[in-house]
Amino acid sequence: MKVLVYGAGQLAQMMNLAGAPLGISVNAVDVKTGKVVNPVDKSEQADSLKNAIDEANCLTVEFEHVPVDLLNEAHASGKLSPSFESIRVGADRVIEKKLLERLGIANCAHRVVTAIDQLPEVVEQLGDKLILKASLDGYDGYGQWRLSSREQLVELQQTLSALDLQKVPLVVEQMQTFERELSLLGARNANGDIVVYPLAENLHHQGQLHVSVAPASALTDELNKQALAIFTALADELNYVGLLAVEMFQVGDRLLVNELAPRVHNSGHWTQQGAVTSQFENHLRAIQNLPLGSTEATGISAMVNVIGCGGISKEILSVPNTHLHWYGKSVRKKRKMGHINVVAESYSELSARLSELNTHLPAEYFPKLPDEIQRLAALR
Ligand code: ATP
Ligand code: MG
């Protein structure tokens, strides 16, 4: 079996590593050059893109912002999973919000803005605590602006004046207060079988994911029920095939959907060591229409992102049940360089392991970790 992934970053790399034991060979397309590369060592393959498409059983994506001409070519092959339509839902916040509204899935109050002079009216409707998101090409908090008072409106309008909102509208959302951020990951194969992972709790810093803990603490039947209903509604409506991630806010005992990612997701990296079947393996199983693997958690896991830091002491490996996943990329500020998975039997044991881990890490790159260690210590 051969899978071709659009995008040659760490997600394609981890799909490749998960595919090998199943006899699935995974190559990647560098979407900037259109070249076919090995996603682990990035070596250029002899195959042209056209040949690689012909030879693959299945095409998939590691991110939703694949240039549309490449995506069209992939779609035309009839082998793309998830579908072109599902990928567009994740790529375009306007389409995404319409889908949520159509399915009656709770999400943040919002308006679509196609001209800068609509903003004062939106402030009247939604209030002056707003988050403005470019509908296309946003990730890791890029392409976002915030308004926290009416007084800032004129300045914000000036900042946004260079944008072509007819071409790329803004989705303006009410700033939501929430208890915590959760993510829901699941897989659906072409038979329509669905599996979902336990909800993960996500900690962000400056718009980027820093730490995930899974299963999240204090998950009630009510939350699990809502999560499954949301996943099933979305996956069935899209006739979705592959792994789908749903980012959510918990408000009281309700889940509000923030956004969808039609792919394997950073908040699911804990599944590599912390679940019976990793998200990468389940994605490959789903797109090849194989039986899906158990999503059961084998313990309590934390996934710690290594962001903007060029190297990590291998001493971290002395911490029990700790695993490093390094992406082999050149270092840049705010770039995801790797992640560390730690598994334990309880939240308090996880806290102790993270505390030990923290002694080997440069503090400036892990600003969320000390508080998280404390929080976990208090959980049972
Ligand atoms: P990523 O690629 O990391 O998922 P993104 O750029 O696609 O990020 P969002 O997920 O929409 O953008 O927003 C990033 C973060 O900003 C969210 O995880 C959340 O912490 C915060 N945020 C987004 N929308 C809202 C909102 N309406 N109210 C409050 N906080 C929000
Ligand atoms: Mg997000």
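Check the entry above for the structure.
Read on for an overview of the structure. Predicted model only: the values in this text are computed from it and were never measured. Residues take numbers from 1 onward in each chain, read along the sequence in its written order. The naming scheme follows written order: chains are lettered A onward, ligands numbered 1 onward. Predicted model: local features are reported for residues with pLDDT of at least 70 only, side-chain atom pairs are reported and counted for 80 or more only, and whole-chain, interface and lining totals are derived from all residues. With hydrogens and water stripped out, all remaining heavy atoms of the structure feed into the side-chain values.

## Observations regarding the overall build of the chain
Item 1. A helix here means a DSSP run of H or I that spans at least four residues, while a strand means a run of E at least two residues long, and both kinds are numbered starting from the N terminus. Secondary structure summary: the chain contains 12 helices and 17 strands in total.
Item 2. Throughout this description, buried means an accessible area under 20% of the type-specific maximum (1.4 Å probe, protein chains only), exposed means over 50%, and partly exposed covers the range between. Every one of the 380 residues in the chain was classed for burial, and the buried ones make up 53%.
Item 3. Two residues form a contact once any of their heavy atoms are found within 4.5 Å. When contacts within the chain are restricted to residue pairs at least 6 apart in sequence, those whose partners lie at least 24 apart make up 64%.
Item 4. Only the protein chains shown count as covering a residue, and every accessible area follows the Shrake-Rupley method with a 1.4 Å probe. Only carbon and sulfur atoms are counted for the fraction: they give 49% of the accessible area of the chain, which is about 16200 Å².
Item 5. Considering the chain, the positive charge centre built from 34 side chains and the negative charge centre built from 44 side chains are found 2 Å apart. In this tally, Asp and Glu contribute negative charge and Lys and Arg positive charge; neither His nor the terminal groups of the chain are included. Positions of charges follow a simple convention, taking NZ of Lys, CZ of Arg, CG of Asp or CD of Glu.

## Considerations on the nonpolar core
Item 1. As used here, the term nonpolar core means buried Ala, Val, Leu, Ile, Met, Phe, Trp, Tyr and Cys residues forming a set that is joined through side-chain atoms within 4.5 Å. Val 3, Val 26, Trp 270, Phe 280 and Leu 284 are the most contacted members of the largest nonpolar core, which has 34 residues in total.
Item 2. Breaking this core down by element, the ones donating at least two residues are β1 (2-6), α1 (10-19), β2 (25-30), β9 (180-188), β12 (208-214), β13 (242-251) and α10 (279-287).
Item 3. If one sorts the elements of this core by residue count, α1 sits on top with five residues.
Item 4. Here this core gathers at least three residues from each of two domains, domain 1 (2-80) and domain 3 (180-377). Boundaries of every domain are those given by an automatic assignment or by a domain database.

## Here's the deal with the sheet that holds strand β3 (residues 35-37)
Item 1. Across the sheet, which stays open at both edges, the four strands sit in the order β3-β2-β1-β4 with mixed pairing between neighbours. In this open sheet, the two strands that pair with only one neighbour each are β3 and β4 (58-61). The sheet shows a mean angle of 30 degrees between the axes of neighbouring strands, taken without regard to direction.
Item 2. Pairing of β1 with β4, which is carried by four bridges, proceeds in the parallel orientation. Bridge pairing links Val 5 to Thr 60 in β4.
Item 3. Here the axes come from fitting lines to C-alpha atoms, over the contacting stretch only for helices, and the angles between their N-to-C directions go from 0 to 180 degrees. Here α1 sits on the sheet in contact with β1, β2 and β4, set at roughly 165 degrees to β2.
Item 4. Together, β1, β2 and β4 form the strand contacts of α10, whose direction differs from that of β4 by roughly 140 degrees. Following DSSP output, two strands are said to pair if at least two bridges run between them.

## Here we look at the coordination of the magnesium ion (ligand 2)
Item 1. Only nitrogen, oxygen and sulfur atoms count as donors, using a 2.8 Å cut-off from the metal that widens to 3.2 Å for Na, K and Ca. Water is left out, so coordination shells may look unfilled. The magnesium ion (ligand 2) binds to the protein through Glu 247 (OE) and Glu 259 (OE); the donor distances cover 2.0 Å. Of the two residues, Glu 247 is situated in strand β13 and Glu 259 in strand β14 (residues 254-261); the sequence distance between them amounts to 12 residues.

## Here's the deal with α10
Item 1. Most of α10 sits out of view: nine of its nine residues are buried.
Item 2. All of the buried residues along α10 are Gln 279, Phe 280, Glu 281, Asn 282, His 283, Leu 284, Arg 285, Ala 286 and Ile 287.

## Description of the sheet that holds strand β8 (residues 170-174)
Item 1. As summarised here, the arrangement of the four strands in space is β5-β8-β6-β7, forming an open sheet in which the pairing is antiparallel. Bordering the open sheet on either side are β5 (110-113) and β7 (144-147), each of which pairs with just one other strand. Averaged over all neighbouring strand pairs, the angle between strand axes comes to 20 degrees, with direction disregarded.
Item 2. Relative to β8, strand β6 (residues 130-134) runs antiparallel, the two sharing five bridges. Its bridge partner being in β8, Ala 134 is matched across the sheet by Leu 170.
Item 3. Sheet strands in contact with helix α5 (residues 93-102) are β5, β6, β7 and β8, and its direction is about 50 degrees off that of β8.
Item 4. Strand contacts of helix α6 (residues 119-126): β5, β6, β7 and β8, with the helix running at about 175 degrees to β5, the strand carrying the most contacts.

## Some details on the side chain of Asn 16
Item 1. Relative to the helices and strands, Asn 16 is located in helix α1.
Item 2. Exposure remark for Asn 16: the relative accessible area of 14% places this residue in the buried category.
Item 3. In contact with Asn 16, not counting residues within four places along its chain, are Val 26, Pro 39 and Val 40.

## Quick look at the packing of helix α4 (residues 84-91) against α5
Item 1. Where α4 contacts α5, the two axes come as close as 5 Å, and the packing angle between them is 105 degrees. Relative to α5, the element α4 is oriented roughly perpendicular. Contact residues: α4 offers Arg 88, Val 89, Gly 90 and Ala 91, while α5 offers Arg 93, Ile 95, Glu 96 and Leu 99.
Item 2. Each residue receives one of three labels: charged for Asp, Glu, Lys and Arg, nonpolar for Ala, Val, Leu, Ile, Met, Phe, Trp, Tyr, Cys and Pro, and polar for the others, Gly being one of them. For the contact of α4 with α5, the residue count by class is four nonpolar, one polar and three charged. Orientation labels follow simple angle bins: below 35 degrees gives roughly parallel, above 145 gives roughly antiparallel, 65 to 115 gives roughly perpendicular, and whatever is left gives oblique.

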